[in-house]
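So you can see what is in the structure, the chains are spelled out below.
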Amino acid sequence: TLSHASTSVWNQTVFIDALYISFITSGISLVCIIIMMTPLAWFLSKRSHILLWRFIENICLLPLVLPPTVCGIALLWLWGAHHWGTYSLALSTSAVIIAQIFVAAPIYLKAMSQHFRHIPPTITETARTLGKTSWQTLYTLHIPMSLPTVINVALLTWLRAMGEFGATL
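Counting restarts for each chain: residues are numbered from 1 in the order of the written sequence. In keeping with the model being predicted, local features are shown solely for residues with a pLDDT of at least 70 and side-chain atom pairs are shown and tallied solely at 80 or more, while totals for entire chains, interfaces and linings include all residues. Calculation of side-chain values draws on the structure's entire complement of heavy atoms; hydrogens and water are dropped beforehand.

Draft legend 1. Highlighting the layout of surface pockets. Cavities and pockets were defined on a 1 Å grid built over protein atoms only: a cavity is a set of grid points that admits a 1.4 Å probe from which the probe cannot escape, a pocket is an open set flanked by protein on both sides within 12 Å along at least five of seven lines, and lining residues are those with an atom within 4 Å of any such point. Grid points are joined across faces, edges and corners, and a volume is the space filled by probe spheres set on the points. By volume, the second largest pocket is sized at about 250 Å³. The way it works is that DSSP assigns letters per residue, a run of H or I at least four long becomes a helix, a run of E at least two long becomes a strand, and they are numbered from the N terminus. Contributions of two or more residues to the lining of the second largest pocket are made by α2 (13-46), α3 (51-60), α4 (68-79) and α5 (93-117). Broken down by element, the lining of the second largest pocket gets its largest block of residues, five residues, from α5. Looking at the lining of the second largest pocket residue by residue, the class counts come to 13 nonpolar, no polar and no charged. Three classes are used: nonpolar for Ala, Val, Leu, Ile, Met, Phe, Trp, Tyr, Cys and Pro, charged for Asp, Glu, Lys and Arg, and polar for all others, with Gly counted as polar.

Structure (structure tokens):
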């Protein structure tokens with residue numbers, strides 16, 4: 001019966017292993033995205049009036065508009081032929097994490113740079129008058145102030161990484 005077939009899928013170790021690997025790899029990719037993209041989003045948000053930095057931001061957003069298969073082929077072209085000793089990146093767990101970062105990071109970057117653009121400049125100016133550097137302002141003021149947005153955007157980014165299949169394939 002249909003109900004018997006659907007319950008047997010949940011008991012198969014292959015399914016459990018795939019789910020476990022998906023959770024682990026998407027969690028690792030999310031941590032990498034937050035660490036790399038938060039400072040980049042802040043940096044780009046402060047320089048959005050400069051044409052070069054807008055161009056760089058748009059290049060970073062390119063995976064949003066590319067079909068997943070094209071992203072996968074591009075990643076395979078970039079990393080597939082590289083070997084480090086006996087280790088090949090292609091067809092590895094690291095390749096899955098890189099593919100997840102590649103397709104999910106633009107979502108985080110776009111949302112966080114938009115959020116940082118909407119923080120009133122007077123807050124940053126006040127921190128500067130108190131002797132804070134740009135990076136101190138980011139880590140002690142902007143990130144704690146942006147924590148609800150970081151959590152919401154991180155959830156969306158994690159779901160995108162979790163659901164990534166095209167580029168990984």
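Draft legend 2. Expanded view of helix α7 (residues 134-145). For the exposure calls, accessible area comes from a 1.4 Å probe over protein chains only, and a residue counts as buried if that area is under 20% of its type's maximum, exposed if over 50%, partly exposed in between. Along α7, the residues that are buried comprise T137, L138, H142 and I143. Burial along α7 is one-sided: seen end-on, the buried residues are contained in an arc of 140°. For α7, the elements touching its buried residues are α2, α5, α6 (121-129) and α8 (147-162). Here the arc refers to the directions that run from the helix axis out to each C-beta atom. Throughout, a residue-residue contact means that at least one pair of heavy atoms, one from each residue, lies within 4.5 Å.

Draft legend 3. Seen up close, the packing of α6 against α7. All axes here are fitted lines through C-alpha atoms, helices being fitted over the stretch that makes contact, and every angle between N-to-C directions spans 0 to 180 degrees. For the pair α6 and α7, interaxial distance at closest approach is 10 Å and the crossing angle is 135°. Looking at the two axes, α6 sits oblique to α7. Like other packed secondary-structure pairs, α6 and α7 cross with a definite hand, here right-handed. Taken together, the residues of α7 that come into contact with α6 (itself represented by I123, T124, A127 and R128) are S134, T137, L141, H142 and M145. Tallied by class, residues from the contact of α6 with α7 come to four nonpolar, four polar and one charged. Should an angle lie under 35 degrees it is considered roughly parallel, over 145 roughly antiparallel, and from 65 to 115 roughly perpendicular; all remaining angles are considered oblique. Should the near helix be turned anticlockwise from the far one by less than a right angle, the crossing is left-handed, and should it be turned clockwise, the crossing is right-handed.

Draft legend 4. Representation of the side chain of T157 in the model. Along the polypeptide, T157 turns up in helix α8. In this structure T157 touches L30, I33, A104, I107 and Y108, once residues within four positions along its chain are discounted.

Draft legend 5. Representation of the pattern of salt bridges within the structure. Take a side-chain nitrogen of Lys or Arg and a carboxyl oxygen of Asp or Glu: if they are within 4 Å of each other, that pair is a salt bridge. Using the criterion set out here, one finds one salt bridge in the structure. Taking the shortest distance from any N to any O, the salt bridge between R117 and E57 comes out at 2.7 Å. Here R117, found in helix α5, pairs with E57, found in helix α3; they are 60 residues apart in sequence, far enough to count as distant. When its relative accessible area of 3% is taken as the criterion, E57 is described as buried.

Draft legend 6. Representation of the packing of aromatic side chains. By convention, a stacked pair of Phe, Tyr or Trp rings (six-membered ring in the case of Trp) has centres within 6.5 Å and planes under 30 degrees apart, an edge-to-face pair has planes over 60 apart, and any other such pair is tilted. Counted according to the given criterion, the structure contains four aromatic pairs. Aromatic side chains W135 and Y139 sit 6.4 Å apart centroid to centroid with 25° between the ring planes, which places their arrangement in the stacked category. You can see W135 and its partner Y139 sitting in helix α7, four residues apart, about one turn around the helix. The exposure class of Y139 is partly exposed, given its relative accessible area of 47%. Aromatic rings pair up to connect W42, W135 and Y139 into one cluster.

These values are about where atoms sit, not about what they do.
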